[in-house]
Amino acid sequence: GAVVSQHPSWVICKSGTSVKIECRSLDFQATTMFWYRQFPKQSLMLMATSNEGSKATYEQGVEKDKFLINHASLTLSTLTVTSAHPEDSSFYICSADKPGANEKLFFGSGTQLSVL
Amino acid sequence: DAKTTQPPSMDCAEGRAANLPCNHSTISGNEYVYWYRQIHSQGPQYIIHGLKNNETNEMASLIITEDRKSSTLILPHATLRDTAVYYCIVRVKAAGNKLTFGGGTRVLVKP
């Protein structure tokens, strides 16, 4: 089956620093990827839609200048949490559409971000 | 804004069938019903999807009512590894369309 790889799986950083999370589709090309955030015991919340070669589309209430998304190739999207603060600590998950796979979204394993 | 309603939690016995209900009374004609599950601290895993006919695969069966306003996911023989949060989602089946997650059902399979 399709594989979406997310890296790192966990990261601890100091407040005020920036953190980059990578999402790769390993065996298919994904023109669209999605980024979600999940707080403990809550559901996944869509943050933004990442489109290869164009600007990301952010959901209402998500700061685009704080959560920078770059989708420079058909197999890689990155999410950069800029000037991270403790309230940004969360589980971040990416997903990708595999063309022809009945439009099933495949998800990465997630990144646990802890900001001290 | 999720268009589905699920019970927040349910328990089931190992080896028995688990029946997970989902209401989607405002589903549109071109929206499919998708089921995903999320095991603790992992990304969601696709289970099954359907439009109006019942569907079955190696993981589960999906029963959709004739009016399409509700559905049931059936895990035929639940195992301890099926303990997870199960999400029922309606979505137009087209590339680039996002999945919007609701609260899901937290399923605990007990020995």
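This is a predicted model, so every value here is computed, not measured.

Novice: When you look at the overall build of chain A in this model, what are you seeing that I'm missing?
Specialist: Each helix and strand in chain A was counted, giving zero helices and eleven strands. Viewed in the frame of its principal axes, chain A has a C-alpha envelope of about 40 × 25 × 20 Å. Taking all 116 residues of chain A together, 52% fall into the buried category. Taking the contacts inside chain A whose residues are at least 6 apart along the sequence as the reference set, 53% of them involve residues at least 24 apart. As displayed, chain A has an accessible area near 5,600 Å², and 51% of this comes from carbon and sulfur atoms.

Novice: I tried to follow the pairing of strand β3 (residues 19-25) of chain A on my own but got confused; where do I start?
Specialist: A regular strand places its side chains so that they alternate between the two faces of the sheet. Residue and element names in this part refer to chain A. A one-sided burial pattern is seen for β3, the buried positions being Val19, Ile21, Cys23 and Ser25 and the unburied ones Lys20, Glu22 and Arg24. Pairing of strand β1 (residues 4-7) with β3, which is carried by four bridges, proceeds in the antiparallel orientation. By the bridge assignment for β3, Val4 is matched with Ser25. Of the strand pairs in this sheet, β3 and strand β8 (residues 76-81) are connected by six bridges, and their pairing is antiparallel. Pairing of Ile21 across the sheet is with Leu79, part of β8.

Novice: What should I look at first to understand the sheet that holds β8 of chain A in this one?
Specialist: By way of backbone hydrogen bonds, the strands of a sheet pair with one another, either parallel or antiparallel. All names here are of chain A. The sheet built from four strands is open, its strands ordered β1-β3-β8-β7 with antiparallel pairing. Sheet topology places β1 and β7 (67-73) at the edges, where each strand pairs with a single neighbour. When strand polarity is set aside, the average angle formed by the axes of neighbouring strands in this sheet is 15 degrees.

Novice: In this structure, what is going on with the interface of chain B and chain A? I would like to understand it.
Specialist: Interface size is commonly expressed as the accessible surface area that is lost when the partners come together. Between chain B and chain A, the residue contacts involve 22 residues of the former and 20 residues of the latter. Between chain B and chain A, roughly 1,600 Å² of surface is buried when both sides are summed, and carbon and sulfur atoms account for 56% of that area. Across the contact surface, chain B and chain A share two salt bridges. Viewed at the interface, chain A and chain B are joined by six residue pairs in polar contact (both at pLDDT 80 or more).

Novice: Honestly, the nonpolar core in this entry has me stumped. Any pointers?
Specialist: A general tendency of soluble globular proteins is for nonpolar side chains to be buried together. By size, the foremost hydrophobic cluster in this structure holds 26 residues, and its most contacted members are Val4, Trp35, Phe67, Leu79, Tyr92 and Leu113 of chain A. Residue assignment for this core shows that the elements contributing at least two residues are β2 (10-13), β3, β4 (32-38), β5 (45-51), β7, β8, β9 (90-97) and β11 (111-115) of chain A. Leave out the neighbours within four places in its chain, and Leu113 of chain A touches Val11, Cys13, Val19, Val81, Asp88, Ser89, Ser90 and Tyr92 of chain A. In terms of nonpolar packing, the next biggest core, distinct from the first, is built from 21 residues, Ile27, Val33, Tyr86 and Val107 of chain B among them.

Novice: What should I look at first to understand the confidence of the model for chain A in this one?
Specialist: Detailed reading of the predicted coordinates is not advisable wherever pLDDT falls low. Residues at a pLDDT of 70 or more form 97% of chain A, whose mean pLDDT is 92. Mean pLDDT per element in chain A: strand β10 (residues 105-107) of chain A is the minimum at 89, and β11 of chain A is the maximum at 97.

Novice: Got a minute to help me understand the pairing of strand β4 (residues 45-50) of chain B in this structure?
Specialist: Residue and element names in this part refer to chain B. Along β4, five of the six residues are buried, which leaves the element largely enclosed by surrounding structure. With five bridges connecting them, strand β3 (residues 31-38) and β4 associate as antiparallel partners. Opposite Arg37, over in β4, you have Gln45 as the bridge partner. In textbook terms, the turn of a hairpin is the stretch between consecutive antiparallel strands, and for β3 and β4 this stretch comprises six residues, one of which, Ser41, has a positive phi near 65 degrees.

Novice: So what exactly am I meant to see when it comes to the state of the cysteines here?
Specialist: Evaluated as defined, the whole model comprises two disulfides over all chains. Shown here is the disulfide that connects Cys23 of chain A with Cys94 of chain A, its sulfur atoms set 2.0 Å apart. A torsion of 80 degrees about the S-S bond marks the disulfide between Cys23 of chain A and Cys94 of chain A as right-handed. Taken together, the residues Cys23 of chain A in strand β3 and Cys94 of chain A in strand β9 connect sequence positions 71 residues apart. This pair shows no difference in class: Cys23 of chain A is buried, exactly as Cys94 of chain A is. Here Cys22 of chain B is linked by a disulfide to Cys88 of chain B, with a sulfur-sulfur distance of 2.1 Å. Torsion about the S-S bond of the Cys22 of chain B and Cys88 of chain B cystine: about -80 degrees, corresponding to left-handed handedness. With Cys22 of chain B in strand β2 (residues 18-23) and Cys88 of chain B in strand β8 (residues 84-92), the pair connects residues that are 66 residues apart, well separated along the chain. Across the pair, Cys88 of chain B and Cys22 of chain B agree in class, each one buried. In this structure Cys13 of chain A is not part of a disulfide, and its nearest cysteine sulfur, from Cys94 of chain A, lies 18 Å away. The thiol of Cys12 of chain B is unpaired, and the distance to the nearest cysteine sulfur, on Cys22 of chain B, comes to 17 Å. Taking relative accessible area as the criterion, Cys12 of chain B reaches 11% and is therefore assigned buried.

Analysis parameters
Residues numbered from 1 in each chain as written. Chains lettered and ligands numbered in written order. Predicted model: local features only at pLDDT ≥ 70, side-chain atom pairs only at ≥ 80, totals over all residues. Heavy atoms only, no water. Helix = DSSP H or I, 4+ residues; strand = E, 2+ residues; numbered from the N terminus. Buried < 20%, exposed > 50% of the residue type's maximum accessible area, 1.4 Å probe, protein only. Contact = heavy atoms within 4.5 Å. Areas by Shrake-Rupley, 256 points an atom, 1.4 Å probe, with all protein chains shown as cover. Pairing = 2+ DSSP bridges. Axes fitted to C-alpha atoms, helices over the stretch in contact; angles between N-to-C directions. Buried area = accessible area lost by both parts, 1.4 Å probe. Salt bridge = Lys/Arg side-chain N within 4 Å of Asp/Glu carboxyl O. Polar contact = N/O pair within 3.5 Å; in protein donor to acceptor, adjacent residues only side chain to side chain. Core = buried A, V, L, I, M, F, W, Y, C linked by side-chain atoms within 4.5 Å. pLDDT = per-residue confidence, 0-100. Disulfide = S-S within 2.5 Å.

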